[in-house]
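Examination of the molecular architecture
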Amino acid sequence: MTTTPHSPSPAVQLTEHALAYLHSAALRAAALLGVADHLADGPRTAEELAAATGADPAHLRRALRLLATRDVFREDDAGAFHLTPAADSLRSDAPSSMRDAVVMLTDDPFWRPAGRLADTVRAGHTVFDEIFGAPYFGHLERVPEAGAVFDTGMAGLAESENAPVAAAYAFPPEGTVVDVGGGRGGLLRQVLLRNPGLTGILHDQEPVLRHHTLDVPDLTGRWRSAPGDFFTAVPAGADVYLLKRILHDWNDSDCVRILRACRAAMTRPGSRLLAIDAVLPPGNAPHPGKTMDVLMMTSLNGRERDESAFHRLLAEAGLKPARTIPTDSTLSIVEAVAG
Ligand SMILES: C[S@@+](CC[C@H](N)C(=O)[O-])C[C@H]1O[C@@H](n2cnc3c(N)ncnc32)[C@H](O)[C@@H]1O
């Protein structure tokens, strides 16, 4: 096979692929050091950034130079680094800041099992328990620091998708919405703010709910929290049940258990369930869901799914799939009604 001057040889391509983890490592370093925060007022040299972040100037420059090859930061001819749109999102106070999400996605509970992916692929299940002595969410409960990194990172990741998801669905004018496994409540906040006739219930494990973000003036008296285990029961009698980035954490049989608990709670006529996750397209084209899919099998026993896989799970739990609604994010809404 011949190569053109513009296409790297297979050896170079594979070397770059093999070392792509260094992009993740450099991104993590920039996030932990808070480099982007120090560029908010304008470009600065590696020396200035190193002084501000307590780093070594030459080493910092080399890490940032790698990131600049991917449009995260830009170095000019005079050696000053600038924010790019992606780097700007790394600022702690950026709207929908991705800083906490980057730290979470590159933290040990994801990073270490990724190095053992071959073992996971051989075994057909995650080796997370072998490394950490408990399954993913059990580990987060046992190690509060890891739990805090996950919860803040997840809330940060979700910030960019909550508003588009809330905007994509025509919620009923009044009634109650339960966000099942709703984390710190970012999605419920958006749904309630957009739909003033609705009240909400934020459901998750108790330690997660302690740090909810629903204490905003416009929502006073319109929500409550409900600690619980979604394998056992979720609050009954609501009009809409949201499950955002829940089903992708679990294998099919666990998903059916969660969905059956929701189905049992859907006692109100016309009650709907919205499964909100990536819906994988066919073919080889890149899709963020395909990356997330491998992450889900690596650290949890979860997976991303195509539409027919969602429909099978819903049907098995006694729910009737209705529509799939795209959103202005990487996630879609698979709507179901009580079957
Ligand atoms: C991937 S996060 C998604 C959070 C939120 N829905 C979002 O999209 O930002 C999964 C959530 O499920 C919660 N969770 C895990 N196991 C649970 C259980 N057995 N019962 C209730 N919530 C659980 C976690 O605490 C976490 O908040």
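Keep in mind the model is a prediction, meaning the values are calculated, not measured.

Reading the values: rules and limits
Residues numbered from 1 in each chain as written. Predicted model: local features only at pLDDT ≥ 70, side-chain atom pairs only at ≥ 80, totals over all residues. Heavy atoms only, no water. Helix = DSSP H or I, 4+ residues; strand = E, 2+ residues; numbered from the N terminus. Buried < 20%, exposed > 50% of the residue type's maximum accessible area, 1.4 Å probe, protein only. Pairing = 2+ DSSP bridges. Near = heavy atom within 4 Å. Polar contact = N/O pair within 3.5 Å; in protein donor to acceptor, adjacent residues only side chain to side chain. Areas by Shrake-Rupley, 256 points an atom, 1.4 Å probe, with all protein chains shown as cover. Nonpolar A, V, L, I, M, F, W, Y, C, P; charged D, E, K, R; others polar. Core = buried A, V, L, I, M, F, W, Y, C linked by side-chain atoms within 4.5 Å. Contact = heavy atoms within 4.5 Å. Patch = residues over 30% accessible without salt bridge, like charges linked within 9 Å, V, L, I, M, F, W, Y side chains within 5 Å. Salt bridge = Lys/Arg side-chain N within 4 Å of Asp/Glu carboxyl O. Axes fitted to C-alpha atoms, helices over the stretch in contact; angles between N-to-C directions. Parallel < 35°, antiparallel > 145°, perpendicular 65-115°, else oblique. Domains from an automatic or database assignment.

This next bit is on the environment of Asp218. Its place among the elements puts Asp218 in the loop between α13 (206-209) and β6 (223-227). Note on Asp218: relative accessible area 59%, which makes it exposed.

Okay, the sheet that holds strand β3 (residues 80-82) next. With respect to topology, three strands assemble into an open sheet ordered β1-β3-β2, the strand pairing being antiparallel. Where the open sheet ends on each side, the last strands, each with one partner, are β1 (44-45) and β2 (74-75). Across two bridges, β1 lies against β3 in antiparallel orientation. Paired with Thr45 across the strands is Ala80, a residue of β3.

Quick look at the site of the ligand now. As a structural note, the neighbourhood of the ligand is formed by 20 residues, with Gly181, Asp204, Asp229, Phe230 and Lys244 the closest of them. For the ligand, a nitrogen atom lies 2.8 Å from a polar atom in the backbone of Gly181. In this structure, a nitrogen atom belonging to the ligand sits 3.4 Å away from a main-chain N or O atom of Gly228. The protein chains hide 95% of the 590 Å² of surface that the ligand would expose on its own. When contributions to the shell around the ligand are tallied by element, the ones reaching two or more residues are α11 (144-168) and β5 (198-204). Tallying contributions element by element places α11 first for the shell around the ligand, with three residues. Here the residues of the shell around the ligand sort into nine nonpolar, six polar and five charged.

As a further point, take the nonpolar core. In this structure, Val180, Phe230, Tyr241, Leu243, Leu259, Leu273 and Leu319 are the most contacted members of the largest nonpolar core, which totals 30 residues. Looking at this core, the elements that each hand over two or more residues are β7 (240-244), α14 (252-265), β8 (272-277), α16 (307-316) and β10 (332-338). At six residues, the largest contribution of residues to this core is made by α14. The residues touching Tyr241, leaving out its near neighbours within four places in the chain, are Val178, Val180, Val234, Pro235, Ala236, Ala265, Met266, Ser271, Arg272, Leu273 and Leu274.

Turning next to a nonpolar patch on the surface. Residues Leu19, Tyr21, Leu22 and Trp111 make up a contiguous nonpolar surface patch of roughly 370 Å² in combined accessible area. Among the secondary structure elements, Trp111 is positioned in helix α7 (residues 108-114).

It is worth spelling out the packing of helix α3 (residues 46-53) against helix α4 (residues 57-68) at this point. The N-to-C vectors of α3 and α4 enclose an angle of 110°; their axes lie 8 Å apart at closest approach. As judged from the angle between their axes, α3 and α4 are roughly perpendicular. Contact residues: Ala46, Glu47, Leu49, Ala50 and Thr53 in α3; Pro57, Leu60, Arg61 and Leu64 in α4. Of the residues contributing to the contact of α3 with α4, the split by class is six nonpolar, one polar and two charged.

Domain parsing of the chain yields domain 1 (10-92) and domain 2 (158-338). If you average the C-alpha positions of domain 1 and of domain 2, the two centres end up 35 Å apart.

Bringing the pattern of salt bridges into the picture now. Throughout the structure, instances matching the rule amount to 16 salt bridges. Between Arg116 and Asp119 there is a salt bridge, and its shortest N-O distance comes to 2.5 Å. Classification of Arg116 as partly exposed rests on a relative accessible area of 26%. By relative accessible area, Asp119 is classed as partly exposed at 28%. The salt bridge partner of Glu206 is Arg210, with a shortest N-O separation of 2.7 Å. Judged by its relative accessible area of 55%, Arg210 is exposed. Overlapping salt bridges, with partners in common, bring together Arg116, Asp119, Arg122 and Glu130 in one network.

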